[in-house]
Amino acid sequence: MTPDACGGHTTVILTDLQPTADDIAGDVLAGLSMTPKRLPSKYFYDARGSQLFEQITRQPEYYLTRVELALLDASMPAIATAVAAHAHVVEYGSGSGRKTHRLLEGLDDPVAYTPIEISKTALLASVGRLADAFPGVEMLPVCADFTHPVPLPQPSRGTGHTLVFFPGSTLGNFLAEDAKRLLRSMRVTMGPRGRALVGIDLDKDPVLIEAAYNDAAGVTAEFTLNLLVRLNRDIGSDFDVSAFVHRATYSRERMRIETHLVSQRAQDVHLAGRSFHFDAGEAMQVEYSHKYTDHSFATLIADAGLRVVERWNDPQDWFGLRLLAPA
Ligand code: AVJ
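Predicted model only: the values in this text are computed from it and were never measured.

Asker: An account of the site of the ligand is requested, with residue identities and associated values reported.
Answerer: Residues in close proximity to the ligand total 14 residues, the closest being Tyr62, Asn173, Tyr213, Glu287 and Ser289. In the environment of the ligand, an oxygen atom lies 3.1 Å from a nitrogen or oxygen atom belonging to the side chain of Asn173. Within the contact set of the ligand, a nitrogen atom lies 2.9 Å away from a side-chain nitrogen or oxygen of Glu287. When isolated, the ligand has an accessible area of 350 Å², and the protein chains bury 95% of it.

In structure tokens, the structure reads:
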């Protein structure tokens, strides 16, 4: 072991805004009471789910992560020019840190980095990975729900502007009304001089999109089914996981992947003293992944008081990065 193998002399100041704990059982009861039944996709990400998602990003069919990383590399000089020096980089959620690493490396002297994340464990893990690589960047993580406006910690160096970073087409998991609410909160969080760099998956040949959500190795199917495994463990439901199959289809009309879990037999699922009947072949909706055109995206953000100031696509127009400013 080298003397500095443990690294970590950088001070990390955590702001805990104590986001209200998820009411998983309540959300699931509400979803199972709807017709058709549905479950919130945010509950995919327990420890196993996060691990499976990382595995999805390495599947040959799942082009999103690969293309976005290459696009970020290719556009970084232009992004650095478009974004003023001394930015306070604020990331919505915390991924593996690969994209953040490229961004912090490529920007002109960023002063601070603030991931906003509801899970304190994931939050501290993400800054831990970056703190040693960027000793000149103040690490100011905030434990909060980024779908609401977040008061930001003030970096001690300079009063630069804020750059919100929201990669991965995570926006696509929200229905239009929720996406608009999130974008309005983003506008408040970033302030009048702020900017946001948002990654969006673009509308394209449905064959390519459907392949990305139906990888041959079956990792996405396992990721989707893991939702039931985690619910059975964490809220005591009794879904027969082996009787459900993953189904992801692209709706051209709605420009989104619609992921369902389909019960292969009639079954009754019990939760909190209540019983929910599934017919054989009944589909429960578990995730949407919206894709965008320039037109649909412009409409979405306009309703949130934002506008596109710069746009970058990969050479095949599969994935885009958009720099947004208050309208
Ligand atoms: C969380 C938006 C990056 O919707 O593409 C991947 C999650 N679901 N495969 C997406 C996901 C199935 C993913 N994002």
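Asker: I'd like to hear about the sheet that holds strand S9 (residues 256-263), residue by residue, with values.
Answerer: The strands that make up a sheet are held in pairs by hydrogen bonds between backbone atoms, and each pair lies either parallel or antiparallel. Read across the open sheet, the three strands follow the order S8-S9-S12; overall the sheet is antiparallel. A single partner strand is all that each edge strand has here, and the edge strands are strand S8 (244-251) and strand S12 (283-290). Going from strand to strand, the sheet's axes swing by 20° on average, the running direction of each strand aside. Against the sheet, helix H8 (residues 219-235) engages S8, S9 and S12, with an angle of about 120° to S8.

Asker: Requested: an account of the pattern of salt bridges, with residues and values cited.
Answerer: Throughout the structure, instances matching the rule amount to 20 salt bridges. Glu177 is the salt-bridge partner of Lys180, the closest N and O atoms lying 3.5 Å from each other. With Lys180 and Glu177 both in helix H6 (residues 176-190) and three residues apart, this pair spans about one turn of that helix. Residue classification places Lys180 among the buried residues on the basis of a relative accessible area of 13%.

Asker: Quick rundown of the nonpolar core? Include the residues and the values.
Answerer: Among soluble globular proteins, nonpolar side chains are generally buried collectively. Leu39, Ile79, Leu103, Leu197, Phe239 and Met284 are the most contacted members of the largest nonpolar core, which has 62 residues in total. No other element matches the eight residues that helix H3 (residues 63-82) contributes to this core.

Asker: Please provide a residue-by-residue account of a nonpolar patch on the surface, values included.
Answerer: Together, Val12, Leu14 and Leu124 make up an exposed nonpolar region whose accessible area comes to about 200 Å². Relative to the elements of secondary structure, Leu124 occurs in helix H5 (residues 120-131). Residue Leu124 is classed as partly exposed on the basis of its relative accessible area, which comes to 39%.

Asker: So what about unusual backbone geometry? Which residues, and what values?
Answerer: Look at the link from Thr35 to Pro36: it is a cis peptide, with omega at -5°. By secondary structure assignment, the location of Pro36 is in the loop between helix H1 (24-32) and helix H2 (47-56). Not every positive phi belongs to a glycine, and Gln18 is a case in point at roughly 45°. Residue position: Gln18 is located in the loop between strand S1 (15-16) and H1. One non-glycine residue, Ser169, adopts positive backbone phi at about 60°.

Calculation rules
Residues numbered from 1 in each chain as written. Predicted model: local features only at pLDDT ≥ 70, side-chain atom pairs only at ≥ 80, totals over all residues. Heavy atoms only, no water. Near = heavy atom within 4 Å. Polar contact = N/O pair within 3.5 Å; in protein donor to acceptor, adjacent residues only side chain to side chain. Areas by Shrake-Rupley, 256 points an atom, 1.4 Å probe, with all protein chains shown as cover. Pairing = 2+ DSSP bridges. Helix = DSSP H or I, 4+ residues; strand = E, 2+ residues; numbered from the N terminus. Axes fitted to C-alpha atoms, helices over the stretch in contact; angles between N-to-C directions. Contact = heavy atoms within 4.5 Å. Salt bridge = Lys/Arg side-chain N within 4 Å of Asp/Glu carboxyl O. Buried < 20%, exposed > 50% of the residue type's maximum accessible area, 1.4 Å probe, protein only. Core = buried A, V, L, I, M, F, W, Y, C linked by side-chain atoms within 4.5 Å. Patch = residues over 30% accessible without salt bridge, like charges linked within 9 Å, V, L, I, M, F, W, Y side chains within 5 Å.

So yeah, pure geometry; function would need other evidence.
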